[in-house]
Amino acid sequence: MVENFGMASFRSRQQVMNFERDLRRSGVKTSIITTPRSVSLGCGLSVRFELRDQQAVKEVFRATQPGNLIGFYLVERDGAGKTNVKPLGIQVNYTG
């Protein structure tokens, strides 16, 4: 089975927790996951979200401006357990 989802990766665990909370408050189904090894930067945790919620995730990010973002990624897991991570292409225009 192939699994695809979005992920927001941060340098700070506190930012992961805060962003996940803000997404939930906005009605976005989300969870905190261990960051895949292919995104070796950051604190080791990331926020997982469904790809259909990309626009809402972007809007929450712009509204809350959490710091320490590494990036937004598309995570693809195949049935054999192989994980492929690539930039999702969400432009946030954040400079902080």
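Each remark here, short or long, concerns the structure printed above.
Rules used throughout
- Residues numbered from 1 in each chain as written.
- Predicted model: local features only at pLDDT ≥ 70, side-chain atom pairs only at ≥ 80, totals over all residues.
- Heavy atoms only, no water.
- Pairing = 2+ DSSP bridges.
- Helix = DSSP H or I, 4+ residues; strand = E, 2+ residues; numbered from the N terminus.
- Axes fitted to C-alpha atoms, helices over the stretch in contact; angles between N-to-C directions.
- Contact = heavy atoms within 4.5 Å.

1. Looking at the pairing of strand 5 (residues 83–87)
Regular strands have side chains that alternate between both faces of the sheet.
In step 1: Alignment of strand 4 (residues 69–77) against strand 5, held across five bridges, turns out to be antiparallel. When the bridges of strand 5 are listed, E76 appears paired with N84.
In step 2: In textbook terms, the turn of a hairpin is the stretch between consecutive antiparallel strands, and for strand 4 and strand 5 this stretch comprises five residues, one of which, G81, has a positive phi near 90°.

2. A few points about the sheet that holds strand 1 (residues 3–10)
In step 1: If you walk across this open sheet you meet the five strands as 2-3-1-4-5, and the pairing is antiparallel. Each edge of the sheet is formed by a strand with only one pairing partner; in this case those strands are strand 2 (30–34) and strand 5. If you compare each strand with its neighbour and ignore which way they point, the axes differ by 35° on average.
In step 2: In the sheet, strand 1 pairs with strand 4 via eight bridges, with the strands oriented antiparallel. When the sheet's bridge partners are listed, F5 is paired in strand 4 with V75.
In step 3: Running at roughly 155° to strand 2, helix 1 (residues 13–25) makes contact with strand 1, strand 2, strand 3 (45–49) and strand 4 of the sheet.
In step 4: On the sheet, helix 2 (residues 54–64) packs against strand 1, strand 3 and strand 4 and is oriented at approximately 165° with respect to strand 4.

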